[in-house]
Amino acid sequence: MTRILLVGGGGFVGGYIVGYLDELGGYDISITHQGELPRELAQAHRYDLDLLVPDQIDAVLDDAKPDLIIHLAALSSVALSWKKPDLTVDVNVKGTLNLLEAVRASGANPRMLLIGSGEEYGFVREEDNPIGEETTLHPGNIYAATKACQNMLASIYA
């Protein structure tokens, strides 16, 4: 059975992924969240996790022993990123760095998927469509810059 850890799995997207994986069957699903869960995710193991506390990440990785990590956790509001840029950078960049470093230090070798955002591309002119993997990033807000940074960090760790 494949063990999957959805970091930030208690959020909007996580619930859909958990439901989909549960329908497919054959997965041992764990999710991380902070505080109360917005919906019932009874089919998943749950961990309360603050990505800014490395020891908590280590404990979750040690217990869940994931084969695959899907990293969904982020402050995803563009408006909030302008109001609280320091918190957005802490959660989205430092939290991701803490997760990547914890995985590296654990000696485990799970596959990882970090979720990006179309915001990373900024304004795209009609003549630059379709967007592809080689399209230059032009983040136009704090949130977009942190998502671009997450992917750059992941590429380095990969």
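Quick notes on the rules
Residues numbered from 1 in each chain as written. Predicted model: local features only at pLDDT ≥ 70, side-chain atom pairs only at ≥ 80, totals over all residues. Heavy atoms only, no water. Salt bridge = Lys/Arg side-chain N within 4 Å of Asp/Glu carboxyl O. Helix = DSSP H or I, 4+ residues; strand = E, 2+ residues; numbered from the N terminus. Buried < 20%, exposed > 50% of the residue type's maximum accessible area, 1.4 Å probe, protein only. Core = buried A, V, L, I, M, F, W, Y, C linked by side-chain atoms within 4.5 Å. Contact = heavy atoms within 4.5 Å. Pairing = 2+ DSSP bridges. Axes fitted to C-alpha atoms, helices over the stretch in contact; angles between N-to-C directions. Phe/Tyr/Trp six-rings, centres within 6.5 Å; stacked < 30°, edge-to-face > 60°. Patch = residues over 30% accessible without salt bridge, like charges linked within 9 Å, V, L, I, M, F, W, Y side chains within 5 Å. Areas by Shrake-Rupley, 256 points an atom, 1.4 Å probe, with all protein chains shown as cover. Lys, Arg positive; Asp, Glu negative; His and termini not counted. Charge placed at Lys NZ, Arg CZ, Asp CG, Glu CD. Parallel < 35°, antiparallel > 145°, perpendicular 65-115°, else oblique. Left-handed = near helix turned anticlockwise from the far one by under 90°. Nonpolar A, V, L, I, M, F, W, Y, C, P; charged D, E, K, R; others polar.

**Student:** What should I look at first to understand the pattern of salt bridges in this one?
**Tutor:** Where charged atoms of side chains with opposite charge meet at close range, the side chains can pair. Taken as a whole, this structure holds four salt bridges when the rule is applied. The salt bridge partner of Glu101 is Arg104, with a shortest N-O separation of 2.3 Å. Remark: Arg104 and Glu101 occur in helix α4 (residues 85–106); sequence separation between them is three residues, near one turn of the helix. Measuring nitrogen to oxygen at the nearest pair gives 3.5 Å for the salt bridge that ties Glu127 to Arg125. Its relative accessible area of 57% is what places Glu127 among the exposed residues. Overlapping salt bridges, with partners in common, bring together Arg125, Glu127 and Asp128 in one network.

**Student:** Explain the nonpolar core to me, please; I cannot follow it from the model alone.
**Tutor:** Taken as a class, soluble globular proteins show a tendency for nonpolar side chains to be buried jointly. Judged by nonpolar contacts, the single largest core of 14 residues is most densely connected at Val7, Leu51, Ile57, Leu61, Ile69 and Leu99. Residue assignment for this core shows that the elements contributing at least two residues are β1 (2–7), α2 (54–64) and α4. Of all the elements, α2 adds the most residues to this core, at four residues. Once you skip the residues sitting within four places of it in the chain, Val7 turns out to touch Thr32, Leu49, Leu51, Ile69, Ile70, His71, Leu72, Ala73 and Leu99. In this structure, Ile4, Leu6, Ile31 and Ile70 belong to the second largest nonpolar core, which totals nine residues.

**Student:** Help me understand the sheet that holds strand β5 (residues 111–114) in this model?
**Tutor:** As a general point, the strands of a sheet are linked pairwise by backbone hydrogen bonds and lie either parallel or antiparallel. With parallel pairing, the five strands of this open sheet are ordered in space as β3-β2-β1-β4-β5. Each of the sheet's edge strands pairs with one partner strand only, and the pair in question is β3 (45–48) and β5. Geometrically, the sheet is characterised by an average inter-axis angle of 15° between neighbouring strands, direction not taken into account. Pairing between strand β4 (residues 68–71) and β5: four bridges, direction parallel. Looking across to β5, one finds that Ile69 is bridged to Met112. Against the sheet, α2 contacts β1, β2 (27–33), β3 and β4, and its axis sits at roughly 165° relative to β3.

**Student:** Just checking my understanding: could you explain the packing of aromatic side chains for this structure?
**Tutor:** To describe a pair of aromatic rings, you give the distance between the ring centres and the angle between the ring planes. For the structure shown, the criterion picks out one aromatic pair. Ring geometry for Phe12 and Tyr16: centres 5.3 Å apart, planes at 65°, overall edge-to-face. Linking Phe12 with Tyr16, this pair stays in helix α1 (residues 12–24), spanning four residues, or about one helical turn. Both residues of the pair, Phe12 and Tyr16, count as exposed.

**Student:** Sorry if this is basic, but what is going on with a negative patch on the surface here?
**Tutor:** Residues Asp55, Asp58, Asp62 and Asp63 make up a contiguous surface patch of negative charge. Among the secondary structure elements, Asp63 is positioned in helix α2. The exposed category is assigned to Asp63, whose relative accessible area is 52%.

**Student:** Which parts of the structure should I look at to understand the packing of α2 against α4?
**Tutor:** Think of two packed helices as two axes; the pair is described by the angle between the axes and how far apart they sit. Their axes nearest at 9 Å, the elements α2 and α4 cross at an angle of 50°. Relative to α4, α2 is oriented oblique. For the pair α2 and α4, the sense of crossing is right-handed. Residues Pro54, Ile57, Asp58 and Leu61 of α2 form the contact with α4, whose participating residues are Asn98, Leu99, Ala102 and Val103. Of the residues in the contact of α2 with α4, the class split is six nonpolar, one polar and one charged.

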